[in-house]
Amino acid sequence: MVEVVPTRFGAGPGAVRPRFLPNESVRSSLDVVGSNCRWPILRENVRAGSMMLVHAVSSSSFLPSRLSPSCRLRTKNNSRSASSRKAQAKKNIRDRQPLDGDSQSADDVREFQAGKNSPPSPDVNLPRGAEGNGAGTATAQIESLLSPDQMNQAPESVALDGGADTKIEIPQPPNRGSSNEEGGSSGVSVNDLMLMIKEAEKNIILLNQVRARALEELENVRSVKDDLQGQVHVLSARLAEADARAKLGDQAKEKNKILEGELNSLQARLDEKELEAKAALQLKAEYVTLQQQAQNLAARLEASSAAGSEVKVLKSQIEDYEEEVKNLRKRVADLNVKEEVVQRLEGEKQTVQEYAHCLELKLAEVEEKEIENARLKAREAVLQAELVRLKAELEETSDASLVTPQLVKETDLLRQQLQALQESMKSAEEDQLALNMVQAENAALREQVQILQQRILESDTEIRQQLELYQDEVEAFQSSLEGLKADSGLGIAQVPVGEMPWDFWSNLLLRIDALMLGKQLSLDDGLELRIMAWRREARIRDAYVAVQNEKDADVAAGLTELTKLKKKPGYHVVHIAAEMAPVAKVGGLGDVVTGLGRALQKKGHLVEIILPKYDCMDYSRIKNLKVLDVELYSYFDGQTHKNKIWLGIVEGLPVYFIEPHHPAKFFWRGQFYGENDDFKRFTYFCRAALEFLLQSGKKPDMIHTHDWQTAAVAPLYWDIYVSQGLDSARLAFTCHNFEYQGVDAPGALASCGLNVQQLHRPDRMQDNFVHDRVNLLKGGIVFSNVVTTVSPTYAQEVRAPEGGRGLHLTLAQHSKKFLGVLNGIDNESWNPATDPLLEFQFSADDLSGKYANKAALRTRLGLAPSEGDDDRPLVGCITRLVPQKGVHLIRHAIYRTLECGGQFILLGSSPVPSIQREFEGIARDFDQHPHIRLVLKYDEALSHSIYAASDMFVIPSIFEPCGLTQMIAMRYGSIPVVRKTGGLNDSVFDADDSSYPEEKKNGFTFSAANEGGLNFALDRAMAYYRTNRQWWRNLVTRAMKMDYSWDHSADEYIDLYRQCLERSKTKL
């Protein structure tokens, strides 16, 4: 409790007057010091001194006319002796009471004033920023501690909220003219006042020191705040990208639902078609069987493609038979069509017969009417004769008297009957005409029926003949197949071992693994057989060909006889990855796994791939996919889970697919990434992959993992599996993009069996930004023997805070094992001389096809054609429209190309809605423009055409780990215009840079990520194109001949493997 105790200084004889007048600044300074002092005893001393000075000034009347009573009292006091003044001063000091509420005694206070004790802890904490705010700050602080009622009270003891039992004395000005009734001195001497001022000065010095320390702390806090703001910006960017990916995932799910609905409808239609085709099921089954036999035989004979003429003849015969089978299939289809025609004719025949029956009924009715007409005609003749007779009688009778009324009546009656007969005759004649028409129509229908019957008979005869011919051909084909089967073993045996296809050797390796996992081959025998297959020895080829169609037990028995220790011809490398092109590809990671694997395989190394078995993979690109009859159990979340192992061949490489039987269905989500539990999905896969290597008895030399999805393999390998016997390998880890790191709570590591307490440390897997998280990418770096990224320049960029995304310090600690290896492209897939998606093929030696593709693409997209020699340069850009790719520079490149007289084509889309809308607006603005075209989607065939047709290719990326676009563009004769970052800086060398040799120059580069930098490179390219065509053609030819294949990169990885294994042997 802080109390404010009023203290009154008298103005009587004992009052003390100062010998100086303190100005307003001194008083304000003392007030500020007193208010801002953090220790109560110092604060009270300063405040007391301030109030005394104020009181001294306010209570004095310095009038030049006369002396006031106070002046006379001062003269009286000065007349005292020095000893009496000293005694009075000591008495005043003894009479001063310590402040109530201070934790120190009066002795403690005096010791503090003498500098012996440290200042007491503060009772009232001042708000931040109170120091140095002027004289009014102290008053404001006191008012902030007082309630409104307390502010209105008389100056007496007032409790404050600053602390308990603490009193602050507030000096009260005395009543003017009053005197001390007791006649004694109750004031404060000048010495006391000066002592207080000196103490206040000391306190001010202390306060300045405290203030300096507070300012230093404030600067530190601001620095920490700036760092946190930087982290917040990074996390905001990541959150925005995550939101975009989530939206893409939702769109993909909606598309999957639509596709599922279409699939169900197609399945229903397929069921209907199957019901309609029951009559031809037997023939189709026979055809499928024959086709399978032909494919198997063709696969076996394909291995003997380089054999003698006998094998070539057999292969040509098979092709002829396959063509005959296709023709037979067409005939069967024709027969099915003819059967439908026959059925339709039968229906028409029945209809015609019914119509003929109706006509016959009508004919009978007409015949009855004809008989009636004949009868009427006879009667008419009789009546006519009677009428003639009557007329004759009338003529003979001349006397009118002889014409009786009866005769007249009879005559009238006969006339009426005659008229009726005449009308009946007319009706009969009309019916006769109708009858004649019906008879003619009936005759024509009878002829048509006869024609249809004849056609039906002919169709039946033709169908029987074709069926008999088909059966004869099937029998002949089966007999030919039997003969070819008898000769196939001899044909394969004649093929040189080195010319056997890779599919054969990969299939043999998978078969050996299946026998080992099924315990039909021992681990030692299996390893020796794998080495023989690895070396591609003829004897294991011959032995396997002889027994490959037998049961597993017979195959194992036949291969066991060949076991013999052999020396490894190269390294055994196992890639554990989340992607592999073309079966499971999202980005460049899939291309690297396939390209590097094939390059290593061609150089004589054994390469195997382990992938998750996604439900959304392209299964059509997997050969010989089958499941092993083996159960693989792996640990996760405190229990073991069953996994299925699938085998297949992708691009000539043996691949193992792991299918978890986990309740969460980790890889049955319809997409590769983007799930909320991606951390758990891929740590489960890492544990299952290592468990498969352990249980299959494999002893690889190198285990190569990629990106954060498989980075957990490294800590799992060293912490768990080395002690269980899986200890032959060393670990290589490649990070393709440091933007994605796999961060989660530490407890997530425990799910796969890792020790969280051991790994959640700054030198291991603790995230460098958010310390209560673990970072899988960091774990891959720390626990791997060698770490690479996808280009040398990117390896330098990620060592900086911006590029490393927080891992730059970790990379600095492990810099000796970290380097960049430039990615490559598949020259077989990207070859303008053989590209089937191009209208005109071309090469570096003949560029005529490139110009033809340019004209064709202009026509296809509606761009203006070239006018004579004034051929506009065509600038291409194929990219994802995301901030990383420099979308603001791409937008500027469109308008800059138009200003320079060129044409621009953009192919790509954006997962960011705002960017997509912006470029859709640009596309609408240039919808009918003759020189600009934007295609805001991805089209594989169109991308090949743009590469082949464009003269220049713009790639203004803000950062680019490697990039394959510039390599593909040069392969197709398009000169890249790029920003110098990442892999772009390692593959594109400026044509105007004299530091590069002439044979290395292949494009135009710029450094600044702004419009001026892009203009600098693009304008130079445009100028060279227009003014020096021969120089430009030479540049195009040089760029097309540059080798950016995987061959050189594979050599670098082999050298890294060798160094890593040699270091491990040296340590042992």
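Parameters at a glance
- Position labels on residues start from 1 in each chain and follow its written sequence.
- Thresholds applied to this predicted model are a pLDDT of at least 70 for local features of residues and 80 or more for the giving and counting of side-chain atom pairs; totals over whole chains, interfaces and linings are not thresholded and use all residues.
- Processing note: side-chain calculations cover all non-hydrogen atoms of the structure and skip hydrogens and water entirely.
- UniProt positions are given in the numbering used here, feature names are shortened, and annotations may be inferred rather than shown by experiment.
- Secondary structure elements are defined from DSSP: runs of H or I of at least 4 residues count as helices, runs of E of at least 2 residues count as strands, and each element is numbered from the N terminus.
- Contacts are residue-level and defined by heavy atoms, with any inter-residue pair within 4.5 Å sufficient.
- Between buried and exposed lies partly exposed: a residue is buried under 20% and exposed over 50% of the maximum accessible area for its type, with that area taken using a 1.4 Å probe on protein chains only.
- When DSSP finds two or more bridges between a pair of strands, those strands are recorded as paired.
- Classification remark: right-handed applies to a crossover when, strands pointing away from the viewer, the course from the first strand over the helix to the second runs clockwise.
- Nitrogen and oxygen atoms within 3.5 Å of one another constitute a polar contact, given that in protein one can donate a hydrogen and the other can accept it, and given that sequence-neighbouring residues count only through two side-chain atoms.
- To obtain each axis, a line is fitted to C-alpha atoms, and for helices this fit is confined to the stretch in contact; angles are then taken between N-to-C directions over 0 to 180 degrees.

As recorded in an unreviewed UniProt entry, the chain goes by starch synthase and comes from Marchantia polymorpha. The annotation that UniProt attaches to the chain under Catalytic activity (unreviewed entry) is "[(1->4)-alpha-D-glucosyl](n) + ADP-alpha-D-glucose = [(1->4)-alpha-D-glucosyl](n+1) + ADP + H(+)".

Glancing now at the environment of A577. You can see A577 is positioned in the loop between β4 (572–576) and α16 (588–602). On a C-alpha basis, the gap between A577 and T710 in space is 6.1 Å, while along the polypeptide they are 133 residues apart. Beyond its immediate sequence surroundings of up to four residues, A577 is in contact with V593, I610, L611, P612, F685, H706 and T710.

This brings us to the pairing of strand β19 (residues 952–955). By the alternation rule, side chains of β19 split into M952 and V954 and F953 and I955, which are all buried. Taken together, the 2 bridges between strand β16 (residues 874–878) and β19 define a ladder with parallel strand orientation. Each residue of the ladder has a partner; that of G876, found in β19, is F953. Pairing of β19 with strand β20 (residues 975–979) involves 4 bridges; the strand directions are parallel. Following the sheet pairing, F953 is matched in β20 by P976. Handedness of the crossover joining β19 and β20 through helix α29 (residues 965–971): right-handed.

Our focus in this paragraph is the side chain of Q766. By the element assignment, Q766 lies in the loop between α20 (756–759) and β13 (774–775). Within the local environment of Q766, its side chain forms a polar contact with the backbone oxygen of H771, the two atoms lying 3.0 Å apart. Beyond its immediate chain neighbours, meaning those up to four positions away, Q766 contacts L759, H760, R761, H771, R773 and K778.

The next thing to look at is the environment of L596. Structurally, L596 is set in helix α16. C-alpha separation for the pair L596 and D1051, spaced 455 residues apart in sequence, amounts to 10.0 Å.

Take the side chain of S943 next. When you line up the elements, S943 lands in helix α28 (residues 940–949). Residue S943 is classed as buried on the basis of its relative accessible area, which comes to 1%. Discounting residues that sit within four places of it in the chain, S943 has contacts with I878, L907 and Y938.

In this section: the sheet that holds β19. Strand order in the open sheet formed by 6 strands is β18-β17-β16-β19-β20-β21, and the pairing between neighbours is parallel. At either margin of the open sheet sits one strand with a lone partner, and together these are β18 (932–935) and β21 (1004–1006). Within the sheet, the average angular offset between the axes of one strand and its neighbour, ignoring direction, is 15°. For β20 and β21, the ladder comprises 3 bridges, and the chain directions are parallel. Within the sheet, the bridge partner assigned to R979 lies in β21 and is F1006. Against the sheet, helix α26 (residues 887–899) engages β16, β17 (903–907), β18, β19 and β21, with an angle of about 155° to β17.

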